[in-house]
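# A closer look at the structure
What follows is the residue order along each chain.
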Amino acid sequence: MTMKEITENKEEIVEKAWKNDKKFIEMTVDIVLDYLEENPEGCSSGKFCPEALVDRCTGMPFVTDDKIKMVVDMMYREGYLKREIPEGTGTPHYSLK
């Protein structure tokens, strides 16, 4: 395949990559929802950090720390979660609204 052919098929490549990644993002959202259901008080003080969910993803190479952080941050930006960054930690902690 030539560079020209690849460039001409860019939209198709992006669409296929997005569809493939969508499955893993859906899995990540399910993991976050399961965690919130099982741990409504979070891991401490009614809050949780994305790192608390990483252990649940052992053996799931496509559900990564970055995807967890992205999903939780999107849930915050869309108003589903509250976020605090405790002084001195720099680690965002989330809770249900």
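Structure: above.
Keep in mind the model is a prediction, meaning the values are calculated, not measured.

### Re the packing of aromatic side chains
For any pair of aromatic rings, the description consists of the separation of the ring centres together with the inter-plane angle of the planes. For the structure shown, the criterion picks out four aromatic pairs. Measuring from ring centre to ring centre gives 5.4 Å for Tyr-35 and Phe-48, while their planes differ by 55°; the resulting arrangement is tilted. Taken together, the positions of Tyr-35 in helix α2 (residues 10–38) and Phe-48 in the loop between α2 and α3 (51–54) put the pair 13 residues apart, joining distant regions of the chain. You can call Phe-48 buried: its relative accessible area is 2%. Arranged with centres 6.4 Å apart and planes meeting at 65°, the rings of Tyr-76 and Tyr-94 form a pair that is edge-to-face. Highlighted residues: Tyr-76 in helix α4 (residues 65–77) and Tyr-94 in strand β2 (residues 93–96), separated in sequence by 18 residues. Judged by relative accessible area, Tyr-94 falls into the buried class, the value being 3%.

### Details of α4
The terminal C-alpha atoms of α4, which comprises 13 residues, lie 18 Å apart, in line with the 18 Å expected from a rise of 1.5 Å per residue. All of the buried residues in α4 are Lys-67, Ile-68, Val-71, Val-72, Asp-73 and Met-75. Tucked into the core, α4 has its buried residues touching α2, α3, β1 (81–84) and β2. Once α4 ends, the next one or two residues include Gly-79, with phi positive near 90°.

### A closer look at the nonpolar core
Formed by 14 residues in total, the largest nonpolar core has its most connected members in Val-32, Phe-48, Leu-53, Val-72 and Leu-81. Elements supplying a minimum of two residues to this core: α2 and α4. When near neighbours in sequence (up to four residues on either side) are disregarded, Phe-48 contacts Tyr-35, Leu-36, Gly-42, Cys-43, Leu-53, Val-72, Leu-81, Pro-92, His-93, Tyr-94 and Ser-95.

How each quantity is defined
Residues numbered from 1 in each chain as written. Predicted model: local features only at pLDDT ≥ 70, side-chain atom pairs only at ≥ 80, totals over all residues. Heavy atoms only, no water. Phe/Tyr/Trp six-rings, centres within 6.5 Å; stacked < 30°, edge-to-face > 60°. Helix = DSSP H or I, 4+ residues; strand = E, 2+ residues; numbered from the N terminus. Buried < 20%, exposed > 50% of the residue type's maximum accessible area, 1.4 Å probe, protein only. Expected span 1.5 Å × (residues − 1). Contact = heavy atoms within 4.5 Å. Core = buried A, V, L, I, M, F, W, Y, C linked by side-chain atoms within 4.5 Å.

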